[in-house]
Each structure stands twice: as C-alpha cells, then as structure tokens.
Amino acid sequence: MELEIIELSERKARFVLSGVSAAFANALRRSITSEVPILAIDDVNIYDNTSVLFDEQLALRLGLIPLKADTTKYVSPQECKCEGQGCPLCQVSLTLSAEGPKVMYSGDMISTDPDVRPAEATVPIVELKEKHKVVIEAIARLGTGRSHSKWQAGIASGYKNMPAITVGECDQCGECIKACPRDILELNGNKVEVVDIIDCSICRLCEEACDMNAIKVSEDPESFVMTFETSGSTTAAELAVQAAGSIKKRAEQLGEILETL
Ligand code: SF4
Ligand code: SF4
Ligand SMILES: [Zn+2]
C-alpha cells in the first residue's frame, strides 16, 4: 500500500491511496464518517428558557455544535467503570447563561474541562431579545457517527478511482480540449497533455469528442483519490490515523472471534 498526500490542512485532506482494493478504500471512507469517537452534547438540563426557541430546538442546536477535545482523556459511557451513571471519565459539563438583548453564540459556553470547547466560537444558537434569558447545563459524551450524526467526525468523505489518460496518433484538432469541463487538457506543441490528472472526473466527454479515437480514459482499479473534511472536532491527520486504527482493531477482533470457533 502506498500513500501520497496531495493536500493536508487542519480540516481537510486529499491523498492518493494505491495498491488497495475498492473494499478497503470504502472501509476507510466509512470509518472516517462513522467509527471515530468524538465528544458531542448528549443531554441538556434547561433551568430557564424564555427565548423564542422551544427547549427541544435549543437542545438540538447545542447537540450539533462540534466540540474540539482531547478524546483520549474520555471513555464512552458504555465502557466506563461507572456503568453509564456519569462521571468525569465519561462526560463533561458545559454551562451557558445569557440574557438579552444579545445573540447567544457557541463561544458563550463555559466548559468544566478547558481542553473541551466548541470548534467554532461563532456558531449562533439563538437571538435573545429584551428580557429573554437562557440558563443551561449541557452534558457532552463520547460517541460515533454510527449512532448519531452529531458524533460524525468526518464529513464529505469520498473517493474515486485514479484516472489514467492516454493520447495516441492525433491531428491536434483540439476538440477534446474544448469538451473537457475541468479544463485539464492542453495542447503542448503537437501533443495533447493532461495538466492535472487528479482533477479528471472520468466523464469521458473528451473521448466522445474525438473523431480519431485517439484519446482513451481509464481508471486504475487499485488506486484511489480520497478526500474528506472534519467537523472541526479533530484534525484531518488525527482523524485519518484513528479511522485506520479502527479498521485494524475491528479486524483483530474478528480474528479473535474466528480463533474461538
Ligand atoms: S474524462 Fe472528462 S474530466 Fe477527464 S479529461 Fe476527459 S473530459 Fe476532462
Ligand atoms: S480530439 Fe482527438 S484528434 Fe483532436 S486533439 Fe483531441 S485527441 Fe487529438
Ligand atoms: Zn463514567
């Protein structure tokens, strides 16, 4: 297996994964969206709410605010020694108290753990008018995207086969260049060249435009261009490592089960 990183920022990654099957690429995609645990608000105690939002709407909005945290400090309630009763190992409390007139933002939440905070401080929760008041305690717990989208660490995760383009005997008419919606073909001297093969969508419009059957588009069955973003709860690099680790752990668990049969 080979890995070539094309783009890596705090919240986005794009890389070419070669020498693997489509099943493995898909397992990695699913692991990125569903198997990496992150913290999200799971319970809300509402002590006062005279805002225009119902309690349920307020709780829903809070649940969808991505929380940045060092998740290695926490365990899921199902695995915790407290057996789901709730303790500092499996949950963290965030309080929110505000009075109008003002817009209440995610950054107004005060966490009992300074390492747990909203990934963005400027997510608007509700606009409080004169005399409106909200007093809330929110409880965040670990979970995965498999059980609810609020725990989805990776978003916009997808892959495509690595494209391959060859150009044979050609009269340089330029029709394929005009047909390409991605503008990745160009005439260089008397040759048609591909500027950025990774951007090719394998739409094959260039093939259709060529009367000479000179240009051929194919895809490598064992090489994939993968892209994903994070919700902000973790970095793209951490997410990729944890997603791969989750596949390994589950494969080991499967091996252990098979050995007992
Ligand atoms: S397959 Fe589509 S995107 Fe790729 S080079 Fe041909 S026209 Fe452009
Ligand atoms: S359309 Fe065919 S013949 Fe014309 S430039 Fe492209 S590859 Fe060459
Ligand atoms: Zn606990």
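Note that this is a predicted model, so its numbers are computed, not measured.

Undergrad: How should the overall build of the protein chain be read in this particular structure?
TA: In terms of helices and strands, the protein chain carries five helices and 14 strands. Its C-alpha atoms give the protein chain a radius of gyration of 25 Å, clearly above 18 Å, the size a compact globule of 261 residues would have. Overall, the protein chain is about 75 × 60 × 25 Å in size when its C-alpha atoms are taken along their principal axes. Out of the 261 residues in the protein chain, the part that is buried amounts to 29%.

Undergrad: How should I be thinking about the sheet that holds strand S7 (residues 110–111) in this particular structure?
TA: In a beta sheet, neighbouring strands are held together by backbone hydrogen bonds and run either parallel or antiparallel to one another. Judged by pairing direction, the sheet is antiparallel, and its four strands sit side by side in the order S3-S10-S5-S7 without closing on themselves. Strand pairing shows two members of the sheet lacking a second neighbour, strand S3 (38–49) and S7, which therefore form its edges. By the bridge criterion, two bridges tie strand S5 (residues 91–99) to S7 in an arrangement that is antiparallel. When the sheet's bridge partners are listed, Thr 95 is paired in S7 with Ile 110. Against the sheet, helix H2 (residues 55–63) touches S3 and strand S10 (133–143), its axis set at about 150° to S3.

Undergrad: Even after reading the chapter, I still don't get the site of ligand 2, so can you show me in this structure?
TA: What surrounds ligand 2 is a group of 14 residues, the closest being Cys 170, Cys 173, Cys 176, Cys 210 and Ala 214. Tallied by class, the residues present in the shell around ligand 2 amount to ten nonpolar, two polar and two charged.

Undergrad: Got a minute to help me understand the site of ligand 1 in this structure?
TA: With respect to spatial proximity, 14 residues lie near ligand 1, and among them Cys 180, Cys 200, Cys 203, Leu 205 and Cys 206 are the closest. Its residues assigned to classes, the shell around ligand 1 shows eleven nonpolar, one polar and two charged.

Undergrad: Any chance you could explain unusual backbone geometry here in plain terms?
TA: With an omega of 5°, the peptide bond between Gly 100 and Pro 101 qualifies as cis. The backbone of Ile 202 shows a phi angle near 60°, a positive value even though the residue is not glycine. Within the secondary structure, Ile 202 is located in the loop between strand S13 (191–194) and helix H4 (205–209). Judged by local crowding, Ile 202 falls into the partly exposed class, with 13 C-beta atoms found within 10 Å. Positioned with a positive phi, Asn 213 is a non-glycine residue whose angle comes to about 60°. One can find Asn 213 in the loop between H4 and strand S14 (215–230). Exposure remark for Asn 213: the 10 C-beta atoms within 10 Å place this residue in the exposed category.

Undergrad: Honestly, the sheet that holds S14 in this entry has me stumped. Any pointers?
TA: The four strands are arranged S1-S2-S14-S11 in an open sheet whose pairing can be described as antiparallel. Only two strands of the sheet have a single neighbouring strand rather than two, namely strand S1 (2–8) and strand S11 (154–167). Strand-to-strand twist of the sheet, defined as the mean angle between neighbouring strand axes without regard to direction, takes the value 25°. As paired strands, strand S2 (residues 12–18) and S14 are joined by seven bridges and run antiparallel to one another. Within the sheet, the bridge partner assigned to Val 16 lies in S14 and is Val 225.

Undergrad: Would you mind showing me how to read the environment of Val 52 here?
TA: Mapped onto the elements of the fold, Val 52 is located in the loop between S3 and H2. A C-alpha to C-alpha distance of 54 Å links Val 52 and Met 1, two positions 51 residues apart in sequence.

Undergrad: Would you mind showing me how to read the pairing of S5 here?
TA: For a regular strand, side chains alternate in direction, first toward one face of the sheet and then toward the other. Pairing between S5 and S10: nine bridges, direction antiparallel. Within the sheet, the bridge partner assigned to Ala 98 lies in S10 and is Val 134.

Undergrad: Explain helix H5 (residues 236–260) to me, please; I cannot follow it from the model alone.
TA: Structurally, the α-helix is built with 3.6 residues per turn, so residues lying three or four positions apart point the same way. For H5, built from 25 residues, the straight-helix expectation of 36 Å at 1.5 Å per residue is met to within 8% by its first-to-last C-alpha distance of 37 Å. Inspection of H5 places Ala 236, Leu 239, Ala 240, Gln 242, Ala 243 and Ser 246 among the buried residues, and these make up the whole buried set. Against the buried residues of H5 lie S1, S2, helix H1 (22–34), S11 and S14.

Undergrad: It is not clear to me how the pairing of S13 should be interpreted in this structure. Could you clarify?
TA: Side chains Val 192 and Val 194 project from S13 onto a buried face, and the interleaved Lys 191 and Glu 193 project onto a face without burial. By the bridge criterion, four bridges tie strand S12 (residues 185–188) to S13 in an arrangement that is antiparallel. The partner of Leu 185 across the bridge, within S13, is Val 194.

Undergrad: Could you clarify how one ought to interpret the nonpolar core in this entry?
TA: Soluble, globular proteins show a tendency: their nonpolar side chains are buried together. Core analysis: the biggest nonpolar cluster contains 42 residues, and Leu 39, Ala 138 and Ala 140 have the highest contact counts within it. Put simply, the parts of the chain that give this core at least two residues each are H1, S3, H2, S5, strand S9 (124–128), S10, S14 and H5. Shared between two domains, this core takes at least three residues from each, and those domains are domain 1 (2–34 + 155–227) and domain 2 (39–149). Among all residues touching Ala 140, those that are not within four sequence positions of it are Leu 39, Ala 40, Ile 41, Asp 42, Leu 67, Gln 91, Val 92, Leu 94 and Val 116.

Definitions and cut-offs
Residues numbered from 1 in each chain as written. Chains lettered and ligands numbered in written order. Predicted model: local features only at pLDDT ≥ 70, side-chain atom pairs only at ≥ 80, totals over all residues. Helix = DSSP H or I, 4+ residues; strand = E, 2+ residues; numbered from the N terminus. Rg over C-alpha atoms; globule rule 2.2 N^0.38 Å. Buried ≥ 20, exposed ≤ 12 C-beta atoms within 10 Å, placed from the backbone. Pairing = 2+ DSSP bridges. Contact = placed C-beta atoms within 7 Å. Axes fitted to C-alpha atoms, helices over the stretch in contact; angles between N-to-C directions. Near = placed C-beta within 6 Å. Nonpolar A, V, L, I, M, F, W, Y, C, P; charged D, E, K, R; others polar. Expected span 1.5 Å × (residues − 1). Core = buried A, V, L, I, M, F, W, Y, C linked by C-beta atoms within 7 Å. Domains from an automatic or database assignment.

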